[in-house]
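Coordinate inspection notes
Below, each chain spelled out in residue letters.
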Amino acid sequence: MVSKTVAYTGNEAIAHGMKQINPDVIAAYPITPQTEIVQIYSTFVADGLVDTEFVTVESEHSAMSAVIGAAAGGARAMTATSSQGLAYMHEVVYIAASMRLPIVMAVANRALSGPINIHCDHSDTMGARDSGWIQLYSENAQEAYDNLIQAVRIAEHPDVQLPVMVCLDGFIISHALETVTLNDDAFVKEFVGIYKPKHHLLDPENPVTMGPLDLFDFYFEHKRDQAEAMRKAKDVIIAVGQEYGAKTGRGYGLFETYQLDDAETAIVVMSSTAGTAKAVIDELRAQGQKVGLLKLRSFRPFPYAELAEALKHLKAVAVLDRADSFNAFGAPLFVQTRAALYDLPQRPTMINYIYGLGGRDCDMSQIARVYADLAEIVKSNQTGEIVRYLGVRE
Amino acid sequence: MSAGRERLVAGYPESLTEQAFHYCPGCTHGIAHRLVAEALDALGLRERTIGVASVGCSVFAYNYFNCDMQQAAHGRAPAVATGIKRVLPDAVVFTYQGDGDLASIGTAEIVHAAARGENITVIFINNTNYGMTGGQMAPTTLIGQKTTTTPLGRVAENNGYPIRMAEMLATLDGPAYIARVSLHNAQAVVQAGRSIKKAFQAQLERAGFSMVEVLSTCPTNWGMTPVKALEHLEKVVAEYYRVGVLVDRTKEVAG
Ligand SMILES: Cc1ncc(C[n+]2csc(CCOP(=O)(O)OP(=O)(O)O)c2C)c(N)n1
Ligand code: SF4
């Protein structure tokens, strides 16, 4: 395959990926920092480079509703949003998943109001974590682009049929210029293939009703099916990631590890902060410290068994959450990672850091402090505070 | 001029803070702010007024209006204002909303606040696009107008037709006063100021819902100089959105 390397922002990379996928329908409403994605896409539409039906709806609630209608009609449908936009579509986000519509949505992560803020944290997608959508998080523009293309295959897989959110950090990734290797158009076209929905509206041979009332008679069974689809999504994510890797040289799994095998302490984190952590690890390794990283890509489905296996040899682990869950204990990634390790005969000590809310910068010194704290925990054999806040004025 | 005949014809409104506006050069949001402040001053309402800021370029309105302010989520200002007014009926409550906020994502809230005849005043800034997010098409965008999501111009077939909010709300029985004004020249600005004052008077009379649609410029996203933008406002925008009073059920007229 011929590929080319360009300088793109995360939003440009996503828009370019969408162009190569050439979905049947895109409906969206502008919101910072996502706006550019659909704005760039509207120029592709105007220039006749895509066949997409592009709908400038009046709100995110209508954007999601329109792509639900389109997907029910048998179309490959996409949208993109951030923060308040995702919150505003919340009602129908659940409906997309329960109707098993393989919609793909890019989310440029941005803090939720209030107070109103436009910068990065994960409170928006964490708020939708139990909506039944698959969630893939991206470290950089390259991963955002690669995740988007794979998302189509994962969502539409007959064992899955669930919508997918492709998450990229607002501004940090959406607006920063990076080098991105693009696949050629023909490859993407072939990789995503032609979408053949199992059921869709107005298929005269198989008439259907979508989303009817479902009470105590069958609601529970349908929810059980949804849970099963999410469980099966794990193998599909792995298989699609491997196939993509074989063809592009950029393989993907449920998570990526960095210097983890012989590490004594490690950080678990998602998205762009993983890049910062890698740079800190390089420095600390040069000083002889055995530190490592696990960067989670698939938060939904949550790969609990694989995580336990990957982290079991460690002495202490810090899980970094870019969202709080205001439950008076730990944040979402921490609580789940810690639960995943519960069945291990010997568990690492685990602590949680909530960091970077509302776009607060998380620099190398903060990450270095986390590794220093972990070293102290190992040395003293004292856990101390389990849930901590990083980089906040107390 | 002899000393005895001197009179102050203009000053800095008390209802504005001294904070400099962040608006782009030539943007008429600043003029609209000043007109609202002058109306509050003229009626002596500053100490009783609560403003509801919306989401859009005027998101920082709370920095400029020298009264209590609350920030609402995108489109929800009329509902928030309803809540405020119901618990503080003696307060003067106004919202300040753009056309993305009011005519797009907040269409339901404005229609129902008007239909209920909520005794609030709405200042609706129609600049025919979503300014803050970078000039995308709004429901108010004119046919043929180029925006960042309609780079070749709005086409009715794909993007539908512009909405005349003032006319649409005027079909309801709840509104006491609805007018459309423009800010394209000094004369129009004076007229706009009168309408805004009248809208607040309607609220003081407890006559019901009042709204002034203010045709406004967005030189940055229209890709025009400030002067050209004012010309465009007068010759093109105000041609489609005709200025005038659409509803007046206030006592002054009725009586
Ligand atoms: C639920 C939600 N969706 C989208 C946005 C993003 N957004 C912020 S301002 C804006 C448009 C504002 O346009 P308008 O109301 O016309 O005001 P102007 O900036 O032109 O004054 C949008 C879409 C948001 N804040 N919340
Ligand atoms: S973008 Fe447009 S509406 Fe916003 S401040 Fe600038 S000129 Fe005014």
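The model shown is predicted, which means the values in this text are computed figures rather than measured ones.

Scanning chain B from terminus to terminus reveals 11 helices and 9 strands. Its C-alpha radius of gyration of 18 Å places chain B within 12% of the 18 Å reference for a compact globule of 255 residues. For chain B, buried positions account for 53% of its 255 residues. Taking the contacts inside chain B whose residues are at least 6 apart along the sequence as the reference set, 68% of them involve residues at least 24 apart.

We now examine the overall build of chain A. The helix and strand tally for chain A stands at 13 helices and 15 strands. Relative to its length of 394 residues, chain A is compact, with a C-alpha radius of gyration of 21 Å against a globular reference of 21 Å. Its C-alpha atoms put chain A at 70 × 55 × 45 Å along the principal axes. When burial is assessed residue by residue, chain A has 54% of its 394 residues classed as buried. Look at the contacts in chain A between residues 6 or more apart in sequence, and 80% of them connect residues 24 or more apart.

With 17 residues of chain B in contact, the opposing surface of chain A contributes 15 residues. Contributing elements (two or more residues each) for the side of chain B that touches chain A: helix H4 (99–105) and strand S6 (136–137) of chain B. Counted by class, the side of chain B that touches chain A contains 7 nonpolar, 10 polar and no charged residues.

Moving on: the site of ligand 1. Residues in contact with ligand 1 amount to 24 residues; listed here are only the nearest, Gly56, His74, Gly98, Gly100 and Gly131 of chain B. At ligand 1, the nearby residues belong to more than one chain, namely chains A and B. Of all the elements in the fold, those that place two or more residues in the shell around ligand 1 are helix H4 (83–88) of chain A together with H4 of chain B. The element that contributes the greatest number of residues to the shell around ligand 1 is H4 of chain B, accounting for 4 residues.

Val67, Val164, Val166 and Ala266 of chain A are the most contacted members of the largest nonpolar core, which has 133 residues in total. Residue contributions to this core peak at 9 residues, all from helix H7 (residues 141–156) of chain A. Looking at this core, you find at least three residues from each of domain 1 (4–248) and domain 2 (255–390) of chain A. Counting residues in hydrophobic clusters, the runner-up holds 67 residues, among them Ile123, Ile125, Leu183 and Ala192 of chain B.

Attention now goes to the sheet that holds strand S9 (residues 244–248) of chain B. All names here are of chain B. What the 7 strands build is an open sheet, ordered S2-S1-S3-S4-S8-S7-S9; its pairing is mixed. In this open sheet, the two strands that pair with only one neighbour each are strand S2 (68–71) and S9. Within the sheet, the average angular offset between the axes of one strand and its neighbour, ignoring direction, is 15 degrees. In the sheet, strand S1 (residues 49–53) pairs with strand S3 (residues 92–98) via 5 bridges, with the strands oriented parallel.

Moving on, we get to the pairing of strand S2 (residues 25–28) of chain A. All names here are of chain A. With burial as the criterion, each face of S2 is covered, one bearing Val25 and Ala27 and the other bearing Ile26 and Ala28. Examined bridge by bridge, S2 and strand S3 (residues 53–56) share 4 bridges and lie parallel to one another. Bridged to alanine 27 within S3 is valine 55. The β-α-β motif built from S2, the intervening helix H2 (residues 35–46) and the parallel element S3 has right-handed crossover chirality. For S2 and strand S4 (residues 77–81), the ladder comprises 2 bridges, and the chain directions are parallel. Looking at the pairing, isoleucine 26 lines up with methionine 78 of S4.

Moving on to the site of ligand 2. Residue and element names in this part refer to chain B. Residues in contact with ligand 2, as listed here, are Tyr23, Cys24, Cys27, His29, Cys57, Asn127, Gly131, Met132, Cys218, Pro219, Thr220 and Asn221. A per-element tally of the shell around ligand 2 places helix H9 (residues 219–222) first, with 3 residues. Considering only residue class, the shell around ligand 2 consists of 7 nonpolar, 5 polar and no charged.

Here the focus is the domain arrangement of chain A. All names here are of chain A. Its domain assignment divides chain A into domain 1 (4–248) and domain 2 (255–390). Put simply, the middle of domain 1 and the middle of domain 2, counted by C-alpha atoms, are 28 Å apart. Each side of the interface is counted separately: domain 1 has 27 residues, and domain 2 has 20 residues. Of all elements in the fold, only helix H6 (123–126), strand S6 (134–138), strand S7 (164–169) and helix H9 (219–248) reach the threshold of two or more residues within the side of domain 1 that touches domain 2. In the side of domain 1 that touches domain 2, the residues fall into 14 nonpolar, 7 polar and 6 charged.

Right, let's talk about the packing of helix H1 (residues 10–21) of chain A against H7 of chain A for a bit. Residue and element names in this part refer to chain A. Close contact between H1 and H7 brings their axes to 8 Å; oriented N to C, the two are set at 25 degrees. Comparing the axis directions of H1 and H7 gives the class roughly parallel. When the axes of H1 and H7 are compared, the crossing they make is right-handed. Of the residues in H7, those in contact with Gly10, Ala13, Ile14, His16, Gly17, Met18 and Ile21 of H1 are Ala141, Ala144, Tyr145, Leu148, Ile149 and Val152. A per-class count over the contact of H1 with H7 returns 10 nonpolar, 3 polar and no charged.

Glancing now at the environment of alanine 91 of chain B. Here alanine 91 of chain B shows up in the loop between helix H3 (77–87) and S3. Separated by 44 residues in sequence, alanine 91 of chain B and glutamate 47 of chain B place their C-alpha atoms 8.9 Å apart.

Criteria and thresholds
- Residues numbered from 1 in each chain as written.
- Chains lettered and ligands numbered in written order.
- Predicted model: local features only at pLDDT ≥ 70, side-chain atom pairs only at ≥ 80, totals over all residues.
- Helix = DSSP H or I, 4+ residues; strand = E, 2+ residues; numbered from the N terminus.
- Rg over C-alpha atoms; globule rule 2.2 N^0.38 Å.
- Buried ≥ 20, exposed ≤ 12 C-beta atoms within 10 Å, placed from the backbone.
- Contact = placed C-beta atoms within 7 Å.
- Nonpolar A, V, L, I, M, F, W, Y, C, P; charged D, E, K, R; others polar.
- Near = placed C-beta within 6 Å.
- Core = buried A, V, L, I, M, F, W, Y, C linked by C-beta atoms within 7 Å.
- Domains from an automatic or database assignment.
- Pairing = 2+ DSSP bridges.
- Axes fitted to C-alpha atoms, helices over the stretch in contact; angles between N-to-C directions.
- Right-handed = clockwise from strand over helix to strand, strands pointing away.
- Parallel < 35°, antiparallel > 145°, perpendicular 65-115°, else oblique.
- Left-handed = near helix turned anticlockwise from the far one by under 90°.

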